[in-house]
Every structure is written in C-alpha cells, then in structure tokens.
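One-letter residues, chain by chain:
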Amino acid sequence: MRTNRRYLVYFAMFLMSAVNYVDRTNLSIAASAIASTFQLSPIQLGYMFSSFLWTYLFCLIPAGLVVDRFGVRKVTALALIIWSAGGILTGLASSFLLLLGSRLILGIGEASSYPAGSRIIREWAPKTERGLAAATLNAGAYAGPALGAIVVGWLVAQVGWRGSFLVTGAVGVCLGLLWWILYRTPAQAKWISAEERVLINDSATPGVAIDSAAAKKRTPGGLKKLLAEKTMWGLALSQGCAGYTLYLFLTWLPTYFERARNMDVVKSSLYTAAPYASACVLGIMLGYLSDRLLTREALARGARRNMIFVMLLIGSIIFALPFVDSMWAIVLIISVALTCVSTVMSMNIALTNDLLDDPAHSGVAVGLLILGGNVFGLAAPIVTGYAVTYSGGFTAAFLIAGGLLILGSVASLTLTRRPILADRTNPIRDTQPVAS
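From a predicted model like this one, the values you see are computed outputs, not experimental measurements.

About the thresholds
- Residues numbered from 1 in each chain as written.
- Predicted model: local features only at pLDDT ≥ 70, side-chain atom pairs only at ≥ 80, totals over all residues.
- Heavy atoms only, no water.
- Patch = residues over 30% accessible without salt bridge, like charges linked within 9 Å, V, L, I, M, F, W, Y side chains within 5 Å.
- Areas by Shrake-Rupley, 256 points an atom, 1.4 Å probe, with all protein chains shown as cover.
- Salt bridge = Lys/Arg side-chain N within 4 Å of Asp/Glu carboxyl O.
- Helix = DSSP H or I, 4+ residues; strand = E, 2+ residues; numbered from the N terminus.
- Buried < 20%, exposed > 50% of the residue type's maximum accessible area, 1.4 Å probe, protein only.
- Expected span 1.5 Å × (residues − 1).
- Bend = angle between axes of the 7 residues up to and from the residue.
- Core = buried A, V, L, I, M, F, W, Y, C linked by side-chain atoms within 4.5 Å.
- Contact = heavy atoms within 4.5 Å.
- Phe/Tyr/Trp six-rings, centres within 6.5 Å; stacked < 30°, edge-to-face > 60°.
- Lys NZ or Arg CZ within 6 Å of the ring centre and 35° of its normal.

Quick look at a nonpolar patch on the surface now. Together, Leu-147, Ile-150, Val-151, Val-266 and Leu-270 make up an exposed nonpolar region whose accessible area comes to about 420 Å². The biggest single contributor to the nonpolar patch is helix H7 (residues 130-182), with three residues. With respect to the helices and strands, Val-266 occurs in helix H11 (residues 265-293).

A separate point is the environment of Ile-334. Inspection of the secondary structure puts Ile-334 in helix H14 (residues 327-355). Remark: the alpha-carbon pair of Ile-334 and Gly-315, spanning 19 residues in sequence, is separated by 8.9 Å.

Our focus in this paragraph is the pattern of salt bridges. Tallied over the entire structure, the rule returns eight salt bridges. Across the salt bridge formed by Arg-119 and Asp-68, the nearest N and O atoms sit 3.4 Å from each other. Of this pair, Arg-119 sits in helix H6 (residues 113-124) while Asp-68 sits in helix H3 (residues 42-70), and the two are 51 residues apart along the sequence. Given a relative accessible area of 4%, Arg-119 falls into the buried group. With a closest N to O distance of 3.7 Å, Arg-130 and Asp-354 form a salt bridge. Within this pair, whereas Arg-130 is found in helix H7, its partner Asp-354 is found in helix H14, the two being separated by 224 residues in sequence. With relative accessibility at 2%, the residue Arg-130 sits in the buried group. Sharing partners across several salt bridges, the network here consists of Arg-130, Asp-291, Arg-304 and Asp-354.

With that settled, consider helix H15 (residues 362-391). With 30 residues, H15 should cover 44 Å at 1.5 Å per step; its first-to-last C-alpha distance of 43 Å lies within 8% of that length. Roughly 25° is the biggest bend found in H15, and it falls at Ala-380, with proline Pro-381 one to four residues downstream. In the segment just after H15, Gly-392 is the residue with positive phi, at about 75°.

This part is about the nonpolar core. The biggest cluster of nonpolar side chains holds 126 residues, and the ones touching the most others in it are Ile-34, Tyr-114, Tyr-142, Leu-226 and Phe-249. The residues contacting Phe-249, other than those within four sequence positions of it, are Pro-254, Tyr-276, Ile-318, Leu-321, Ile-334, Ala-337, Leu-338 and Phe-398.

All right, on to unusual backbone geometry then. With a phi close to 55°, Gln-39 is a non-glycine residue in the positive phi region. If you trace the backbone, Gln-39 turns up in the loop between helix H2 (31-38) and H3.

On inspection of all chains with the given rule, the structure shows 19 aromatic pairs. When the ring of Phe-52 is compared with that of Tyr-247, the centres are 6.4 Å apart and the planes differ by 40°; the resulting orientation is tilted. Within this pair, whereas Phe-52 is found in helix H3, its partner Tyr-247 is found in helix H10 (residues 230-260), the two being separated by 195 residues in sequence. On the basis of relative accessible area, Phe-52 is assigned to the buried category, the value being 2%. Put simply, the rings of Phe-49, Phe-249, Trp-252, Tyr-256, Phe-257, Tyr-271, Phe-394 and Phe-398 touch in pairs and so form one group of aromatic residues. The ring of Tyr-21 has Arg-24 lying over it, and the distance from NZ or CZ to the ring centre is 4.2 Å. Above the plane of the ring of Trp-180 lies Arg-73, whose end atom (NZ or CZ) is 3.9 Å from the centre.

Spelled out as structure tokens, the structure:
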C-alpha cells in the first residue's frame, strides 16, 4: 500500500520558504518605523529594501554548486542559521551601516534556499508531482509575507521594530537546528515505506543517486554548458519579469497602503496579508492542476510553458491598479497578480526540472533561474523608490511591472522550447525544438 509521507518533506520545504520570506519582508512591514529611526528618504528605503539581494545574487550560483556537492541537509541547516542571525543583527543595528550589513548577511544565508528546494524536488518528488512540489515550495514565498504582515505588524506595534526582528530571527535559528536533526534523503529515511521509496526512485529521476554522492557522478562543465543554453536564458528572463512584480509588492506594498491609502501599520498589514494568502492557496491548486492535466510525454516536451504564458498575461492586470479607487478592487487586482506571479515562478522551477536532462545539475540550474528572477527583483525596489520620489505616486511603478509581465510571457513562449543539457543519444530528448 502506497503512503504519502513524502508530503511531509513538501511541507518542510514550504515552511523553510515561509520563514525565508518572513525574514525578507519584515523590513518592509517595519519600514515606517525604521525610516523614522534612521531618517531615511524613499530613495534610501528603496536601496535598503534591495540590499540583501546584492549578496543574494552574488552567492546564488556558488550556493547551487554547494548544494549539489554537499547535499540539502547540511547546507540548508547552516543557511537557515546564517540568515536568521542576519535578521537578529538587524534588530540590534545602531547605525545605518550596521543595518545595511545585517541585510547583506541575510542575503548570503538565503541564497541557497531555492537551489536546495529544487534538489529536494528532484530527490523526493515523482515526475508527475513536480508541479505540486514546486508550487508548495513557492507557496511559502506568499504564506511568509501573509503571516509575516500580520505577525510582524502586531510585533512592531507591541514590542517595536527591533523586537520584531529578534523574534523572527530566533524562530529561524530553531528551524535550522530542526532541519539538521530531521531531514534525510529517501534512501536514508526510515519513516517511508519501501513501496513509496520505489515510487519516488522510479518516477522522479531513475538512476540518479539520492544523496550528495551524486555530485561526484555529474557530468563536468555543467555551469558553462547551462550558460550556453538558450532555454536557460529564456527561463531566467521570464522568471525575472515575474520576480520584478513580486519584489515590488514584497518591498513597497505596506508603504503603498500607508502613504497612498492613509492606513496605519496594523491595518496596512491586514490588507497586505490578504493577497499573499490567496496567492499561497491558489498557487498550490494551480500547481496541482498542471500535474493532473499533463501526461508524462507532455511534461517531457515542456508543456508547462503554456500555463506560464497564460499566467503572465493575466498578471498584467496590474496595469489597472492606478486607475481604481475601491479597496476591494485594489485587493482583488493585487491578489490576481500575485497568484499569477506565484504560479509562474513555481512552474518555472518545475519546467526547469522537466527540461533538464542531467538532474545532478538541478541545484545550479535553478540557481541560474532564481538569479534571473532576482536580478529584476534587485531593480524593483530601487526603481520604485525613484518613481515614487519623482512622480509623487505609484502609477509609474505599476505600469513598469505590467509591461515586464507581457515581455515575460513572450520570452516563455518563444525561448523555452528546447531540452537543457540534452542527451543526443535519447530519441525523445534531443536538441530539436519541442512542441507545446
């Protein structure tokens, strides 16, 4: 009888991602208080919002290589402790430079989270569940801000912004220790049945070692070969266009509600939480749907790109945001846009794994994907800061985001049609363009 205990691992990925994004977004929730403490302008806030991405981007590819070499358990446990320590240091910062330094430490720690998540998906998820697994991982990126907006908003009101960082940082340290104690690969996990282990091994990645020893068997020159793949660039570009909107909301949405809609920190936190909560739930549902609708042959052809294309187009509804006044309409538009962005970013992880012929390079491949997403994400808070300063509002910021979503839809449909690191001896996985 089959069991579904691998879903516990999916939940652990979700929890890791949620804590990751709580620690990314607590700065935006506490932005008004921090700006008052350090006398920061909107432009300075924009740079501060993006600062953790400076080290995050620099460390993404090395983090992917480290995950592929040493495995998920060691790297993720250490990463959780490092980025949580960065959060704690934010709460202790006594100057602008120390505040900036703490965010750089946060970026170093968080760089391994998505490469590690991709590796977990290759180790634990049958091929026909990769959409669900990737959506569950990515749902944490929306559950974190949803929960964080409420909890951190309440903590800021109760114990001040410094106390809020100390509490959230302590939670991450505890999770890092638990990860070290509990996480195992399917080959090591004694709490799954032999039948489930066979299901995972046969369906997910036949013939691929399940632990870090696989790194020793991977084909050489993987990073260089990945950089030569047009499909890899197309995936990174579409991820970046979606990531821009995500980071626009992650960093500026509470401030938008406070400044443009005249809300206090508690009320703005509630309105911020609602779109993330809906994106979390609907993103998982759409990931599950992508698995159910597609056959193994369609998955091998990269047919997930069709959903990615549609979601990017629908997400461009953000164009309408500056032209509505009803709060319900505003929340609905943001919820739709975030749900579409959530689906795109998780389906791109699944699509990368679908198209990648050498799974031993999964960590670095998704590192490149996330690098693309976060190059645009790095720009979003800074560009928005300038847009708010020089236009006096958020209209230009939302129009830029909508335009990028349309660009991403074109990139996904046209540039992701070939397998990655294709085995030329495999008649199914060659270098010919694949059909939708």
